[in-house]
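Tertiary structure, described
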Amino acid sequence: MSAVDQMRAMLDQLMGTSRNGETDGRNHVRFDDASVCRSFLLDCCPHDILEGTRADIGACAKVHDLALRADYNAAQKQRDYFFERDALEHLKEFIGESDRKTEMSKKKLAAVQDELTEDATEKVWDGIVNG
């Protein structure tokens, strides 16, 4: 990313999508569009939070744009959009999915431990009988 692109991104983040005046009629996504990640607007998208960790779940399917976050923050001062509810539902779904994965992993681990315990017991008995 060039220095100009970095400065453009910083200005978008600070001032929003309409920093150069009104949009010029091009295809423009607003922060309240259904394709925009509400959790991202509230800075709590699990896809971003877990990026680069063992629990990384990949990229979010919805739009993440810092300029849209700036637009949302400015508009939120005028009226409440109740995006917190949508973000809460998103996080509940993620937590439920994570809990299911954890339970599956625990069951697999218990099965492996049982196998290892049986193998160790056999070896101990073989050592007692043959030893």
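Above: the structure in question.
Residues numbered from 1 in each chain as written. Predicted model: local features only at pLDDT ≥ 70, side-chain atom pairs only at ≥ 80, totals over all residues. Heavy atoms only, no water.

1. A closer look at the pattern of salt bridges
Counting across every chain of the model gives five salt bridges. Ionic pairing is found between Asp32 and Arg30, a salt bridge with its closest N-O pair at 3.0 Å. A salt bridge links Arg38 to Asp86; the shortest N-O distance between them is 2.5 Å. In this pair, Arg38 is assigned in helix 2 (residues 38-41) and Asp86 in helix 5 (residues 83-130), connecting sequence segments 48 residues apart. Note on Asp86: relative accessible area 37%, which makes it partly exposed. (Salt bridge = Lys/Arg side-chain N within 4 Å of Asp/Glu carboxyl O. Helix = DSSP H or I, 4+ residues; strand = E, 2+ residues; numbered from the N terminus. Buried < 20%, exposed > 50% of the residue type's maximum accessible area, 1.4 Å probe, protein only.)

2. Quick look at the side chain of Arg69
Positionally, Arg69 belongs in helix 4 (residues 66-76). The exposure class assigned to Arg69 is buried, which follows from its relative accessible area of 16%. When neighbours within four sequence positions are excluded, Arg69 is seen to be in contact with Phe40, Leu41 and Asp43. (Contact = heavy atoms within 4.5 Å.)

3. Here's the deal with the environment of Leu91
Relative to the helices and strands, Leu91 resides in helix 5. Residues Leu91 and Lys107 lie 16 residues apart in sequence; the distance between their C-alpha atoms is 24 Å. Those residues in contact with Leu91, other than ones at most four positions away along the chain, are Cys44 and Pro46.

4. Some remarks on the packing of helix 1 (residues 3-15) against helix 4
For the pair helix 1 and helix 4, the least separation of the axes is 6 Å and the interaxial angle reads 20 degrees. Regarding the angle of helix 1 to helix 4, the classification is roughly parallel. For the crossing formed where helix 1 meets helix 4, the hand is left-handed. Here helix 1 contributes Asp12, Gln13, Leu14 and Met15 to the contact with helix 4, which in turn contributes Leu66, Ala67, Ala70 and Asp71. Classifying every residue of the contact of helix 1 with helix 4 gives five nonpolar, one polar and two charged. (Axes fitted to C-alpha atoms, helices over the stretch in contact; angles between N-to-C directions. Parallel < 35°, antiparallel > 145°, perpendicular 65-115°, else oblique. Left-handed = near helix turned anticlockwise from the far one by under 90°. Nonpolar A, V, L, I, M, F, W, Y, C, P; charged D, E, K, R; others polar.)

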